[in-house]
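Coordinate analysis (summary)
Chain by chain, the residues:
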Amino acid sequence: FFADFNDGLVPNNASVYGNATVLTSGGYTNSGYLQLTTTSPVGQSAGFIINDLDTNTPVVSFTASFKVLIGSFGNGADGMSFNFAPDLPAGPITEEGAGTGYTVEFDTYLNADGSDTAPTIDLKVGGSYGDHSSYTGNELASTVVANLRPDVFADAVIQLNPNNTMTVIYDGVYVISNQDLSVSGYI
C-alpha cells in the first residue's frame, strides 16, 4: 500500500472516519497529506483504516513507514495510535488504540488522574480499547520520548519482523527494538 494523498482523495482500499480528511497541499514538501485532527475545536477524533490487503492470508511481517506531524500548540491531547488487527472498528480510534491485535500508541498527554506516562511510545497487544479505563490488553514496551511533539514532520517506521518481534523508530531513534511479541500469545 502506498499513498501520497496529492490528489486529495481517500486512497482505494482505505476509509477515513471522524475528523480525518485528505488535503492536496500543506504536507511534507507541500505535498498532499492525511490530516487526522486540527488544533481546534477541542475534542476531535479520527480514524484512517487500510482494509485487508492480503485477502485473509496470515501476515507474518510488514513495514509501515510514514511522516507524522504532531503539533506542539498548547496543551493538546492525547496523541494517536497505529493499529494492526483483524477487528478494527469502522470509526474514530483513540490514541489508546483499537482491536485485539497490535497497537503502537503515541501518547502525547499526561493524564491528570495518573493513569499513564507521557510523552511515550507504547507497544500493546490483545486488548479492547476506547478510553484509558477500558484497556484490557498487555503493554509490552513503553519508552519516554521527550520530543514526541516536535511540530515538524518526523519519520515513523513500524516493523513487524518474521521472527515475531516488533521495532518502532521515531524521528531516527529506535524507541522499541526487536521487542519479542511471542510472550503476548498473539499470532
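The structure this text deals with has already been given above.
The present account deals with the structure reproduced in this document. (Residues numbered from 1 in each chain as written. Predicted model: local features only at pLDDT ≥ 70, side-chain atom pairs only at ≥ 80, totals over all residues. Heavy atoms only, no water.)

A word on the overall build of the chain. In terms of regular secondary structure, the chain is built from zero helices and 12 strands. The N-to-C order of helical and strand elements in the chain reads β-β-β-β-β-β-β-β-β-β-β-β. Whereas a compact globule of 187 residues would reach a radius of gyration of roughly 16 Å, the chain reaches 16 Å, a difference of no more than 12%. Among the 187 residues that make up the chain, the fraction classed as buried is 36%. A fraction of 51% describes how many contacts in the chain between residues 6 or more apart in sequence connect residues 24 or more apart. For the chain, the exposed area adds up to about 10000 Å²; of that, 51% sits on carbon and sulfur atoms. (Helix = DSSP H or I, 4+ residues; strand = E, 2+ residues; numbered from the N terminus. Rg over C-alpha atoms; globule rule 2.2 N^0.38 Å. Buried < 20%, exposed > 50% of the residue type's maximum accessible area, 1.4 Å probe, protein only. Contact = heavy atoms within 4.5 Å. Areas by Shrake-Rupley, 256 points an atom, 1.4 Å probe, with all protein chains shown as cover.)

Attention now moves to the side chain of Thr-165. In this fold, Thr-165 is placed in strand 11 (residues 165-170). The class for Thr-165 is buried, based on a relative accessible area of 7%. For Thr-165, the side chain forms a polar contact with the side chain of Asn-163, separated by 2.7 Å. Those residues in contact with Thr-165 that sit more than four places away from it in its chain are Gln-159, Leu-160, Asn-178, Gln-179, Asp-180 and Leu-181. (Polar contact = N/O pair within 3.5 Å; in protein donor to acceptor, adjacent residues only side chain to side chain.)

Where nonpolar side chains cluster on the molecular surface, the patch consists of Phe-1, Ile-50 and Leu-53 and spans about 280 Å² of accessible area. Taking relative accessible area as the criterion, Ile-50 reaches 36% and is therefore assigned partly exposed. (Patch = residues over 30% accessible without salt bridge, like charges linked within 9 Å, V, L, I, M, F, W, Y side chains within 5 Å. Salt bridge = Lys/Arg side-chain N within 4 Å of Asp/Glu carboxyl O.)

With that out of the way, let us pick up the packing of aromatic side chains. Applying the stated criterion to the full structure yields seven aromatic pairs. Seen in terms of ring centroids, Tyr-102 and Tyr-186 are 5.1 Å apart; in terms of plane orientation they differ by 85°. Their pairing is edge-to-face. Of the two residues, Tyr-102 is situated in strand 7 (residues 102-107) and Tyr-186 in the segment after strand 12 (173-180); the sequence distance between them amounts to 84 residues. According to the relative accessible area criterion, Tyr-186 is partly exposed, its value standing at 21%. Through pairs of rings, three or more aromatic residues link up here, namely Phe-62, Phe-66, Phe-82 and Phe-84. One Lys or Arg, Lys-67, reaches over the ring of Tyr-28 and ends 4.1 Å from the middle of that ring. (Phe/Tyr/Trp six-rings, centres within 6.5 Å; stacked < 30°, edge-to-face > 60°. Lys NZ or Arg CZ within 6 Å of the ring centre and 35° of its normal.)

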